[in-house]
Every structure is written in structure tokens, then in C-alpha cells.
Amino acid sequence: MTSSITGSDATDAASEREDVARRLLDSSETLSYDPAQEVDWETPLDTDYHGASPEWSTLYGTAYWSEMSPEQQRELTRQEAACVASTGIWFEMILQQMVLRDFYAKDPADPAFQWALTEIADECRHSIMFGRGAEKLRAPAYRPPRPVIELGRVFKTLAFGEAAYAAILVAEEVLDVMQRDWMRDERVAPFVRTINNIHVVEESRHMKFARQETKERLRGVGPVRKQLQAVVVAAASYFIVTSMVNKKVYENAGLDVERAVREAKANQHYKSLVRSSCAGLMEFLDSAGLLTKPATWFYKRANLI
């Protein structure tokens, strides 16, 4: 009897997975964007605009922020937005390699296989879009610290199954919430708002797939592997989130780097925003059994909980 139930559950799961992939493919055909055509790349940067909602700046609400001129505040948000975009490119390249490896030599007629390639195509366009956006914001190429880059190299090579897709979900969910605020904010440069809108629309499909794949890969997984993968996902999340803003943004905004770093680290307003943006994500990880006690330590260190 148990075998029969298990077989039935597996069939239902495969059917659900296929249905989700088909719906995502249909959605992609109906609503996708070409950033080369949709984003206004030609109009010169208007420095009267922010690069992100000021409330999402790492210094917003601090004593330093109140001392800054409006011009400095706008420059800082432009540098921070460019840094988030650069971090997004770094992780999207990791994501693409993990997905390609996961679907290597699998059935090309499978809707999930076709959706995986569609997602990779989306990510390629997003990375180019972010790169052009950062350039237009007059920002340098911000990169995570060298140790984090090397850890990312290891992660993209070794991460598999639920760890890969759950980590993808973490990166996308955090970006999604902040970019939803930015794309509606008329204080933000119009071309940045367009970039955010494109990313939010298309990433919503990626998050749906990542959640589905995470649940599917966890089906029947034993407690030891689940404990291990929970820590892997949490550690990856920590390095992703803490790499979103490079301290060089303060230097490039003309600020005192030591003071800016010190006040940013103590900024409870920013920490609260990040935690609230991750509430739904943490509920999902908890329901999936990936919010273990060791994993929670990493999430707290990254101010995700």
C-alpha cells in the first residue's frame, strides 16, 4: 500500500511540476521585455534623481544622512543602486551555471527543461541591463570581496538540488521587495524605474520556479541531508546579502568611508527593512524544513531575521 501511495504522490508531483513549467512558459511568451528597446539608454543621466528610494539607503535615518546635502544623498543612492546591480550580475552568473548543470543532458521536450533555458535567457538579458544601468549611473564595477568571489566559485560548482534553488530564491526575493519600492518611486531616475519594473515582472516567474524546484528536490530527503543543505543555503544567503553594498560606494559618493561604514553597520532602519522584506521567504524556508537552528544563526547575522 505504501509503495502505491508513494508512486501516486510522485506522479502527482511530476504533473504539478510540468504544469507550473508550462504556465511559466506561457507567461514568458505573453509578458517579456527587451531591455535594449524598453529602457531609455540615450537620455543623459539627470542628477536631480535618486538611483534608489532614499529609505533603502544604508545610511538613511543616521546622523550622517541628515548632515549630507541633497546632492550627496542622491549620489549615494545612485552608487548603492549600481552596487546592488553589480552584485545581481555576480549572482545571476552563478545561477545560470547551476541551472545549466542541473539540466545537463535531460529531456529537452520536458517543459521544465525548456523553462530552465528560458530563465537563463532572461538572466543574460538582465545582466546586460544591470551592467548598462550601472554604467549610466556613472558607477565603477563593484564586486564582492575576493574571498566571497572564490566561495561563490565553489558554491556554483558543488551546490545541487534544493540548496541551489533555495539560494536562488533568497537572492531573488530580497531584490524583489526593494525593487518593487524603487520602481514606484518618482524620486528615482526613470530609466532605473524601468529596469526595476522589467526585473520584478520577469523574476516573479523565476521565484515561482525556484520555490517549486526547492519543494520537489526536498521530497523524500532525509533529516541529515536536510540539516546540511539548510546550513549551505543560509551561509550562501549571508554572503549574498552582505555583499549587496560595497564600502567603496561611500568613497565614490565623496563620504568619509570609516564613518559611513560605522553608521551603516548600526543602522536599525535599514536592518528592519531587510528583515521585513524577507518575512515571506523565511516562512517558506521554515515550511520546507530549511530554517533550522544552525541556519537561523546565519540569517540573524545577515539581518534577515
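Let us look at the structure shown here. Since we're looking at a predicted model, the values are computed, not measured.

### Details of the overall build of the protein
Working step 1: What the protein contains, in helices and strands, is 14 helices and zero strands.
Working step 2: Order of helices (α) and strands (β) in the protein, N terminus to C terminus: α-α-α-α-α-α-α-α-α-α-α-α-α-α.
Working step 3: Taken over C-alpha atoms, the radius of gyration comes to 20 Å for the protein, in line with the 19 Å a tight globule of 305 residues would show.
Working step 4: Buried residues in the protein amount to 53% of all 305 residues.
Working step 5: Here the analysis covers contacts within the protein between residues at least 6 apart in sequence; of these, 84% occur between residues at least 24 apart.
Working step 6: Split by element, the accessible area of the protein, about 14400 Å² in all, is 54% carbon and sulfur.
Working step 7: Both charge centroids of the protein, one from 37 positive and one from 44 negative side chains, sit 6 Å from each other.

### Some points on the pattern of salt bridges
Should the charged atoms of two oppositely charged side chains come close, the side chains can pair.
Working step 1: Counting across every chain of the model gives 21 salt bridges.
Working step 2: The residue Glu55 makes a salt bridge to Arg187 at a minimum N-O spacing of 2.8 Å. Of this pair, Glu55 sits in the loop between helix H2 (35-38) and helix H3 (63-67) while Arg187 sits in the loop between helix H7 (161-184) and helix H8 (190-218); the two residues are 132 residues apart in sequence, bridging distant segments of the chain.
Working step 3: Judged by its relative accessible area of 25%, Glu55 is partly exposed.
Working step 4: Looking at Arg187, the relative accessible area reads 37%, which means it is partly exposed.
Working step 5: Here Arg74 makes a salt bridge to Glu71, at a shortest N to O gap of 3.8 Å. One end of the pair, Arg74, and the other, Glu71, are both in helix H4 (residues 70-102), three residues apart, so they sit about a helical turn from each other.

### Re the nonpolar core
Working step 1: Core analysis: the biggest nonpolar cluster contains 94 residues, and Leu59, Leu76 and Leu285 have the highest contact counts within it.
Working step 2: Other than its neighbours up to four places away in sequence, Leu76 contacts Ser57, Leu59, Trp65, Met68, Val249, Tyr250, Ala253 and Leu255.

### Focus: the environment of Arg180
Working step 1: Structurally, Arg180 can be placed in helix H7.
Working step 2: Arg180 gets classed as partly exposed once you look at its relative accessible area, which sits at 28%.
Working step 3: C-alpha separation for the pair Arg180 and Val200, spaced 20 residues apart in sequence, amounts to 6.8 Å.

### Some thoughts on the packing of H7 against H8
Working step 1: The contact between H7 and H8 brings their axes to 8 Å, and the two run at 155°. Looking at the two axes, H7 sits roughly antiparallel to H8. Crossing geometry of H7 relative to H8 is assigned as left-handed.

### A word on the packing of H4 against H7
Working step 1: At their nearest, the axes of H4 and H7 sit 11 Å apart, and the two run at 150° to each other. As far as their axial angle goes, H7 and H4 are roughly antiparallel. As H4 packs across H7, the resulting crossing turns out to be left-handed. Of H7, the residues touching H4 (which contributes Ala81, Val84, Phe91, Leu95, Met98, Val99 and Asp102) are Ala164, Tyr165, Ala167, Ile168, Ala171, Glu172, Leu175, Met178 and Trp182.
Working step 2: Of the residues in the contact of H4 with H7, the class split is 14 nonpolar, no polar and two charged.

### Brief notes about helix H11 (residues 257-265)
One turn of an α-helix holds 3.6 residues; hence residues three or four places apart share an orientation.
Working step 1: Taken residue by residue, H11 has Arg259, Ala260, Glu263 and Ala264 as its buried positions. One side of H11 carries all its buried residues, which in axial view fall inside an arc of 125°. Pointing more than 90 degrees away from the buried face of H11 are the exposed residues Glu258, Arg262 and Lys265.
Working step 2: Packed against the buried residues of H11 are H3 and helix H10 (248-252).
Working step 3: Regarding H11, its N-cap is Asp256, as a side-chain oxygen of that residue lies 3.2 Å from the backbone nitrogen of Glu258 further along.

### Overview of the packing of aromatic side chains
What characterises a pair of aromatic rings is the spacing of the ring centres plus the angle enclosed by the ring planes.
Working step 1: Summed over all chains, the structure comprises nine aromatic pairs.
Working step 2: Here the aromatic rings of Trp90 and Phe91 are separated by 6.4 Å at their centres, their planes lie at 65°, and the arrangement is edge-to-face.
Working step 3: Classification of Phe91 by relative accessible area gives buried; the value is 6%.
Working step 4: Following the ring pairs from residue to residue traces out a cluster consisting of Phe103, Phe113, Trp115, Tyr165 and Phe209.
Working step 5: We note Arg211 situated over the ring of Phe284; from NZ or CZ to the ring centre the distance is 4.7 Å.
Working step 6: Above the plane of the ring of Tyr64 lies Arg259, whose end atom (NZ or CZ) is 4.3 Å from the centre.

What counts, and where the lines are drawn
Residues numbered from 1 in each chain as written. Predicted model: local features only at pLDDT ≥ 70, side-chain atom pairs only at ≥ 80, totals over all residues. Heavy atoms only, no water. Helix = DSSP H or I, 4+ residues; strand = E, 2+ residues; numbered from the N terminus. Rg over C-alpha atoms; globule rule 2.2 N^0.38 Å. Buried < 20%, exposed > 50% of the residue type's maximum accessible area, 1.4 Å probe, protein only. Contact = heavy atoms within 4.5 Å. Areas by Shrake-Rupley, 256 points an atom, 1.4 Å probe, with all protein chains shown as cover. Lys, Arg positive; Asp, Glu negative; His and termini not counted. Charge placed at Lys NZ, Arg CZ, Asp CG, Glu CD. Salt bridge = Lys/Arg side-chain N within 4 Å of Asp/Glu carboxyl O. Core = buried A, V, L, I, M, F, W, Y, C linked by side-chain atoms within 4.5 Å. Axes fitted to C-alpha atoms, helices over the stretch in contact; angles between N-to-C directions. Parallel < 35°, antiparallel > 145°, perpendicular 65-115°, else oblique. Left-handed = near helix turned anticlockwise from the far one by under 90°. Nonpolar A, V, L, I, M, F, W, Y, C, P; charged D, E, K, R; others polar. Arc of directions from axis to C-beta. Polar contact = N/O pair within 3.5 Å; in protein donor to acceptor, adjacent residues only side chain to side chain. Phe/Tyr/Trp six-rings, centres within 6.5 Å; stacked < 30°, edge-to-face > 60°. Lys NZ or Arg CZ within 6 Å of the ring centre and 35° of its normal.

Such coordinate-based values are descriptive only and should not be taken to indicate function.
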